[in-house]
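The chain contents come next:
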Amino acid sequence: MSDILIVDDERDIRELISDILEDEGFTTRLAGGSEDCMAEIGRGLPSLIVLDIWLKDSAMDGIDILSHVKREHPEVPIVIISGHGNIEIAVAAIKQGAYDFIEKPFNIDQLMVVIRRAMETSRLRRENIELKRGETGEIAMIGDCGTFRALRSQLDKVTKSNGRVMLTGQPGSGKETAARYIHANSDRSGAPFVSVNCAAVAPDQMEDMLFGRETEGRGVAPGLLEEADGGVIYFDEIADLPEGTQSKILRVLVDQKFQHVGGSDKVQVDLRVISATGRDLQAEIEAGRFRQELYHRLNVVPIHVPSLEDRREDIPRLAEYFIARLNEEQGLPRRTLSEEAGALLQTMPWPGNVRQLKNVIERILILGDSQDPIVTREVPAGGETGAADEDRVILSGALATLPLREARELFEREYLLTQINRFGGNISRTANFVGMERSALHRKLKSLGVVTSSKAGARIAHVDEVEG
């Protein structure tokens, strides 16, 4: 997009600006007054508007046009020009949403710098919004095990409300995906979803980034709270929010208002807040690092996002989803997953959760040299290093130091725990896979101290602490 609308009541000025911009490769449209301006906008939104403040014999002046355009089309950047400029007019224009203000007679180089920056800022914002919207939707919520169905049911219950949600779970388990699912299925789906990674922002930069900064002469640089107005702001790793910022965010939650850094006027916003953490916030509160009142404001609806080990049934389906996605996005081979490779993936440890599984699948597709189904020898052992010999079992240090009877019992316990959890606590499917009668499997589990219990809508196997 490089279409620029120039609005000025002086014909020489608008034609001069047009000539300059066209020499630089832009296309332009010209309007001498508010009526022509609105007609041009009606024919098609420009990429940017260069707008004179004073429009002789027009029903609307530049500030009126600015207010109208920003209300109807906030994504279009507007550069204000005027021969009667002063700091009051500049501040008024910036507060109404103008990108910048240039006083006549203007310097051509200065004009081009401002226009290029405005165009680039607009482009980046459009791409950011499109990217974030493209990531939303039910397609990313892949899974059908009991634990995952329970999660989806909880998420569906909160989509139509504005209640604040606190998502907990291990890193890589999909907390942001869950937050985007809430947004995509809510009444705010057409508004922005703005993500704040609290752990990735330096404490001394956090307030500028969230609240924006107001400086004399340069106006306001909006923050993420303004960008999220009408939509959702998502605080990832909320435990890392600087202590000094916590009280200010608490005030935003209460009033839905804030001040720019360096400013005095109140800015009104309409936000839904979703936060997430992998840490124990109660422990952070006891240590004095997190405000208890902020915790209670954010933790209106707590939802736990299960780890990949709590939903092993979904691993083959997730793997197939990542294969299809990587084929579409990167052109990697569209291979199938053999039953044996899927079973191996289900039994592996996944400390990095869904994110780690995606990385493993990507590595397999990159290093693989065929279109054949993915087989077990291609699956990195433990998700990290390649297996040298698929027919050899490598003993852990613990097993290798035990007598045979104890090692066999420990192996049987861990093996059956893994298989039961792989099949979502279904004893019949487990018995069929391991080649035992169901009654025999029950006796074996009892002798090993293995029991099953409900957890987040699914049956999970674990060692009975009393017996084991």
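Reading the values: rules and limits
- Residues numbered from 1 in each chain as written.
- Predicted model: local features only at pLDDT ≥ 70, side-chain atom pairs only at ≥ 80, totals over all residues.
- Heavy atoms only, no water.
- Helix = DSSP H or I, 4+ residues; strand = E, 2+ residues; numbered from the N terminus.
- Buried < 20%, exposed > 50% of the residue type's maximum accessible area, 1.4 Å probe, protein only.
- Core = buried A, V, L, I, M, F, W, Y, C linked by side-chain atoms within 4.5 Å.
- Pairing = 2+ DSSP bridges.
- Axes fitted to C-alpha atoms, helices over the stretch in contact; angles between N-to-C directions.
- Parallel < 35°, antiparallel > 145°, perpendicular 65-115°, else oblique.
- Left-handed = near helix turned anticlockwise from the far one by under 90°.
- Contact = heavy atoms within 4.5 Å.
- Nonpolar A, V, L, I, M, F, W, Y, C, P; charged D, E, K, R; others polar.
- Arc of directions from axis to C-beta.

1. Brief notes about the environment of Glu 293
So, point 1. Structurally, Glu 293 can be placed in helix α12 (residues 292–298).
So, point 2. Assessed through its relative accessible area of 42%, Glu 293 is described here as partly exposed.
So, point 3. Separated by 46 residues in sequence, Glu 293 and Ser 247 place their C-alpha atoms 9.1 Å apart.

2. Some words on the nonpolar core
In summary, soluble globular proteins display a tendency toward joint burial of nonpolar side chains.
So, point 1. Counting residues in each nonpolar core, the largest one holds 32 residues, and the members touching the most others are Leu 210, Phe 235 and Ile 238.
So, point 2. Mapped onto this core, the elements with two or more residues apiece are β7 (193–197), α8 (203–211), α9 (224–227), β10 (232–236), α10 (243–255), α11 (281–286) and α12.
So, point 3. Top contributing element to this core by residue count: α10, with 4 residues.
So, point 4. Leu 326, Val 354, Val 360 and Leu 365 belong to the second largest nonpolar core, which has 23 residues in total.

3. A short note on unusual backbone geometry
The phi torsion of most residues other than glycine is negative, and most of the peptide bonds are trans.
So, point 1. Not every positive phi belongs to a glycine, and Glu 237 is a case in point at roughly 55°.
So, point 2. Looking at where Glu 237 falls in the secondary structure, it is placed in the loop between β10 and α10.
So, point 3. Owing to a relative accessible area of 16%, Glu 237 belongs among the buried residues under this scheme.

4. Describing the sheet that holds strand β6 (residues 165–168)
So, point 1. Taking strand neighbours across the sheet as the criterion, the 5 strands line up as β7-β10-β13-β6-β14 in an open arrangement whose pairing is parallel. Edge positions in the sheet fall to β7 and β14 (301–304), since each of these pairs with one other strand and no more. On average, adjacent strands in this sheet sit at an angle of 20° to one another, irrespective of strand direction.
So, point 2. Across 4 bridges, the pairing between β10 and strand β13 (residues 272–277) is parallel. Bridge assignment links Phe 235 to a residue of β13, and that residue is Ser 275.

5. Quick word on the packing of helix α6 (residues 146–158) against helix α7 (residues 175–184)
Each packed pair of helices is defined by two parameters, the angle between the axes and the distance between the axes.
So, point 1. Between α6 and α7, whose axes approach to 9 Å, the crossing angle comes to 40°. Overall, the two elements α6 and α7 adopt an arrangement that is oblique. Considering the relative orientation of α6 and α7, their crossing is right-handed. Residues Arg 152, Leu 155, Asp 156 and Val 158 of α6 form the contact with α7, whose participating residues are Ala 178, Tyr 181 and Ile 182.
So, point 2. For the contact of α6 with α7, the per-class residue count stands at 5 nonpolar, no polar and 2 charged.

6. Considerations on helix α19 (residues 438–448)
So, point 1. For α19, every residue scored as buried is listed here: Leu 441, Leu 445 and Leu 448. Projected onto a plane normal to the axis of α19, the buried residues spread over an arc of 65° and lie on a single side. Facing away from the buried side of α19, by more than 90 degrees, are the exposed residues Arg 443, Lys 446 and Ser 447.
So, point 2. Backbone geometry just downstream of α19 places Gly 449 in the positive-phi region, at approximately 75°.

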